Every structure is written in structure tokens, then in C-alpha cells.
Amino acid sequence: MVEREERTMNQKKVNEINDQRKIEMDEWALSDLYMLDIGAYNPLKGFMSEEDYRSCLDNMRLTNGQVWSLPIVLPASEEEVAILAINQKAALTFKEELYGEIKIKEIYKVDRSEEAEKVFLTRDSNHPGVQATLKRKPYNISGEVNFTRKYQFPFSHYPHTPTDTKELFKQKGWKTVVAFQTRNPIHRAHEYIQKCALEITDGLFIHPLVGKTKSDDVPVEVRMSCYETLINNYYPRDRVILGVFPASMRYAGPREALFHALVRRNYGCTHFIVGRDHAGVGNYYGTYDSQKIFQQFSFDELGIIPLFFEHSFYCKKCQQITSLKTCPHPPSSHLIFSGTKVRELLRQGITPPEEFSRKEVADLLINEMKKRQDGSET
């Protein structure tokens, strides 16, 4: 009843604003609007101007020189633009429900194919980020924004704003905090690099993305169960915080790795883990391209220290998770499981070796695979 009344009031607000001044957002723009509102995208205060957009694409900087690697824009259609004007306010809606408003500063046309090439280093529409970009409307609208509605996203009761996390870090007395970005369940190699990072910092902030991802990614409910299980059983509870990151996933490889670091700086983190193929998809990026991009910027420009980790694996002779930096043994001693191989085992109801995944996590994933299979058969 309350929810229905809220929708009715919301619709009235939309109707109060002339229908000719309304911009329907896609999922990326909706999550970006919220991230702007909570200060996660500082120094951005609104959707990008044309100058900042061009500078971001060409130089990975805003026009004021600050490092910023992904375009944060509000797309609009020919029909929407035809009835908008500079210095007007326009309603921002998603699925016809009001979420905020924008005071229009600029309206500019863009080439989404060029944008895709510069952000994702490819125009291949099989790339999920390219595919989403090419579907976006041909104009961008810039201006200051105002978020006017509660944003519903999974696990929003977890810490998810910079204000939340900075206060938590302060309460715990943490001076150094390392962040770990993820959209996948955590396996033993992830656990290894997290704990290595925790050895040199006061606290670990596990910050999984809960916004829009690919349809074949593990559902957020399952992923969160995996994180909670691991933290409860294998991590020092007083040195780890689990939060959620309400942004959408772009799969932009190097540029998104840099973006993830910059945003975690806004959350109060001092260090950021960058592993192999961070934010990558398929074979579009080199194994360590997401680490190399950081070489273009100084610490003073980034405001956060990236921690780079080699590909980790289980060595049968070392009898532990290790990497090429610390393991002297030949590849024949290395136990490396590809994601494809592990998913195949899970589909068959076979628990992957303990060297790759904690049994509790594997059991959760096997149950999810079984549900998917049962659902496809009905």
C-alpha cells in the first residue's frame, strides 16, 4: 500500500513537470546519478560538460587537469533535445518514474562509436560495454543534478556511501585502508592477495559492485552470500568491512581499473588492489594492461596507492597459493583453474579442489548452478 502511494505521488510529480521537459535515463545514467549525489564521483558534481567529456576521452583528465578515465554522461534523444533548452530544468526519469532533475547547462551531440573506441579500445559490438554504449542516445546533456528519490539497489543496508565508510574507518581507527573491487565470488587466489594487502594496511574494505552487470555474471545475492561466508569464517572480523558499490559495470579494462581506484579514494581508502585483467572481459585487454595504465600518473594526481599483484595459483611443491614473484617451481607444479573449467565443474555438481575454492563457497555456487539448470528445464 505504501509503495503504491509512493508510486502515485511520484507520478504526480512527473506530471507536474511539463512532459516536454523530461529525460528518460538508462540504467548506467540512473546509477551514475545516484553516485554523483552521494559524492562517490567527486570532483564531478553533475553530468559532464562537452569539454570535460572530450578531455576525458582524449586525455583521461578533466579540463582542470584532474585525472578521470570514464565519461559520466546523461544521454538524450533527438525528440527529447528538440524540446529542451539551456538553463531550463528537466525531470530525470527511469521507467517513467521520477528520480531527480537537472538544470541544463549544455546540449551536445556525440559519436558513440568514437566514444566506444576510446573507452574500450575496440568498436566490437560483442564487447558488453561497447554494445551498451552504442545503444545510448546520440546527445549528452550536462548540468547540475538533484536526486529526489530513494534509490533501490541490492543490499543497500550495507555501507555504500563515502560518508558511511569514512565514518566506519574513523571509528575503527584505521589510518590505512585497502579496497578490493569485485563482481565475482572470491576464490582462494583473491583471498591470498587480499590478505597480502592486509599485512601492510590497517583494514580491508571488500567493495563488490551491485549495479548492472552482464546477464551471465553470478547473481548479486549469491555473490554476497559467498562474501559473507568467507568473512565470517576466514577473515579477522575486526579488520574487514564489507560494503556495496552501487555503480554499473562497464568492462572497460584499464580505464575502469583507474576509475575504480579514483572512486575508492573518495570512499576514504588509501590503497587499492589491482590484479590481473582487472575489469576486463574476454580477450580484449592484455593480462596486466590494467596495471600499466597507472604508470601514466603520479601518486599526487591519483591520491591513492595502487597495489599490483601477479597472477596467483596453487603450487603443489610450495603447498600454498603463490605467484611467479615468489614461487621458484616450474609450471608443471602449478595448479591453475580457469573460470571456464570451474564453472563446468560446478554445473556438474562437482566441488572444485580446496586449493582453488573454499568448500563453503563452492557449495553456494553449486546450488546456484542447480537452480539455473532446474529453471531452464521447466
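Before any of the text, the structure's been laid out above.
Residues numbered from 1 in each chain as written. Predicted model: local features only at pLDDT ≥ 70, side-chain atom pairs only at ≥ 80, totals over all residues. Heavy atoms only, no water.

Engineer: How should the overall build of the protein chain be read in this particular structure?
Structural biologist: The helix and strand inventory of the protein chain stands at 14 helices and 14 strands. Relative to the 2.2 N^0.38 estimate, which gives 21 Å for 378 residues, the radius of gyration of the protein chain is 22 Å and therefore close to what a compact globule would have. By principal-axis analysis of the C-alpha atoms, the protein chain measures approximately 70 × 50 × 45 Å. Buried positions account for 51% of the 378 residues belonging to the protein chain. When contacts within the protein chain are restricted to residue pairs at least 6 apart in sequence, those whose partners lie at least 24 apart make up 71%. Just so you have it, the protein chain exposes about 17,700 Å², and 48% of that area is on carbon and sulfur atoms. Looking at the protein chain, you have 51 positive and 51 negative side-chain charges, and the mean spots of the two groups are 3 Å apart. (Helix = DSSP H or I, 4+ residues; strand = E, 2+ residues; numbered from the N terminus. Rg over C-alpha atoms; globule rule 2.2 N^0.38 Å. Buried < 20%, exposed > 50% of the residue type's maximum accessible area, 1.4 Å probe, protein only. Contact = heavy atoms within 4.5 Å. Areas by Shrake-Rupley, 256 points an atom, 1.4 Å probe, with all protein chains shown as cover. Lys, Arg positive; Asp, Glu negative; His and termini not counted. Charge placed at Lys NZ, Arg CZ, Asp CG, Glu CD.)

Engineer: Just checking my understanding: could you explain the sheet that holds strand β14 (residues 334-335) for this structure?
Structural biologist: As a general point, the strands of a sheet are linked pairwise by backbone hydrogen bonds and lie either parallel or antiparallel. Reading across the sheet, the 3 strands line up as β13-β12-β14 and stay open at both edges, with antiparallel pairing between neighbours. The sheet terminates laterally at β13 (320-323) and β14, the two strands that pair on one side only. On top of the sheet, helix α8 (residues 188-198) reaches β12 (312-315) and β13; it is set at about 70° to β13, its chief contact. (Pairing = 2+ DSSP bridges. Axes fitted to C-alpha atoms, helices over the stretch in contact; angles between N-to-C directions.)

Engineer: Would you mind going over the packing of helix α3 (residues 50-59) against helix α5 (residues 112-120) with me for this structure?
Structural biologist: For any two helices packed against each other, one specifies the inter-axial angle together with the distance between the axes. For the pair α3 and α5, the least separation of the axes is 9 Å and the interaxial angle reads 40°. Judged on the interaxial angle alone, α5 and α3 are oblique. Residue-level inspection shows Y53, R54, L57 and D58 of α3 in contact with α5, the latter providing R112, E114, E115, K118 and V119. A breakdown of the residues in the contact of α3 with α5 according to their chemical character gives 3 nonpolar, no polar and 6 charged. (Parallel < 35°, antiparallel > 145°, perpendicular 65-115°, else oblique. Nonpolar A, V, L, I, M, F, W, Y, C, P; charged D, E, K, R; others polar.)

Engineer: Help me understand the pattern of salt bridges in this model?
Structural biologist: Oppositely charged side chains may form a pair once their charged atoms are brought near each other. If you walk through the whole model with that rule in mind, you get 22 salt bridges. Where E50 meets R54, a salt bridge forms, and the shortest distance between an N and an O atom there is 3.4 Å. Pair noted here: E50 and R54 are both in helix α3, with a separation of 4 residues, about one helical turn. A salt bridge links R358 to E191; its shortest N-O distance comes to 2.7 Å. Highlighted residues: R358 in the loop between α13 (339-347) and α14 (359-377) and E191 in helix α8, separated in sequence by 167 residues. The same class applies to R358 and to E191, which are both buried. Because the salt bridges share partners, they merge into one network encompassing R188, E191, K195, E354 and R358. (Salt bridge = Lys/Arg side-chain N within 4 Å of Asp/Glu carboxyl O.)

Engineer: Where do I start with the side chain of T229 in this structure?
Structural biologist: For T229, the location among the structural elements is in helix α9 (residues 220-234). Reaching out from T229, the side chain makes a polar contact with the backbone oxygen of S225 at a distance of 2.8 Å. Every residue in contact with T229, bar those within four places of it in the chain, is listed here: E360 and L364. (Polar contact = N/O pair within 3.5 Å; in protein donor to acceptor, adjacent residues only side chain to side chain.)

Engineer: Before we go on, may I ask you to explain the sheet that holds strand β8 (residues 203-208) in this structure?
Structural biologist: Strand order in the open sheet made by the 5 strands is β9-β8-β7-β10-β11, with parallel pairing throughout. Edge positions in the open sheet fall to β9 (240-242) and β11 (305-308), since each of these has one partner strand only. In this sheet, adjacent strand axes meet at a mean angle of 25° when their direction is disregarded. As paired strands, β8 and β9 are joined by 3 bridges and run parallel to one another. In the sheet register, L204 faces β9, and the bridge partner there is V240. Sitting on the sheet, helix α7 (residues 162-172) touches β7 (177-182), β8 and β9, and the angle it makes with β9 is about 160°. Helix α10 (residues 254-266) rests against β7, β8 and β10 (271-274) of the sheet, and its axis sits at about 160° to β10.

Engineer: Could you clarify how one ought to interpret the environment of G280 in this entry?
Structural biologist: Residue position: G280 is located in the loop between β10 and α11 (289-292). For the pair G280 and N233, spaced 47 residues apart in the sequence, the C-alpha separation amounts to 29 Å. Leave out the neighbours within four places in its chain, and G280 touches R183, Y251, G253 and Y285.

Engineer: Please clarify how the pairing of β8 should be interpreted in this entry.
Structural biologist: Remark: a regular strand shows side chains that alternate across the two faces of the sheet. Taken across its 6 residues, β8 has 6 buried, putting it largely inside the fold. Burial of the side chains of β8 extends over both faces: G203, F205 and H207 are buried on one face and L204, I206 and P208 on the other. Two strands pair when backbone bridges link them, and β7 and β8 are joined in this way by 6 bridges, in the parallel orientation. Looking at the pairing, V177 lines up with G203 of β8.

Engineer: What is the right way to read empty space enclosed by the protein from this model?
Structural biologist: Over the atoms a probe the size of a water molecule is rolled, and this reveals where empty space is left. Counted under the stated rule, the structure contains 1 cavity of 30 Å³ or more. For the largest cavity, the calculated volume is near 60 Å³. In this structure, the largest cavity is lined by W28, L70, P71, E115, V119, F120, T133, R136 and R250. Here the element with the most residues in the lining of the largest cavity is α5; it accounts for 3 residues. Residue composition of the lining of the largest cavity, by class: 5 nonpolar, 1 polar and 3 charged. (1 Å grid on protein atoms, 1.4 Å probe; cavity = no way out; pocket = protein on both sides within 12 Å on 5 of 7 lines; lining within 4 Å. Points joined across faces, edges and corners; volume = space filled by probe spheres on them.)

Engineer: Hey, could you run me through unusual backbone geometry in this one?
Structural biologist: In this model, N42 is joined to P43 through a cis peptide bond whose omega is 15°. In this fold, P43 is placed in the loop between α2 (27-37) and β2 (46-47). A positive phi angle, near 70°, is found at E96, a position not held by glycine. As for its placement among the helices and strands, E96 is situated in the loop between β4 (89-94) and β5 (97-109). With relative accessibility at 40%, the residue E96 sits in the partly exposed group.

Function cannot be read off these values alone, since they describe shape.
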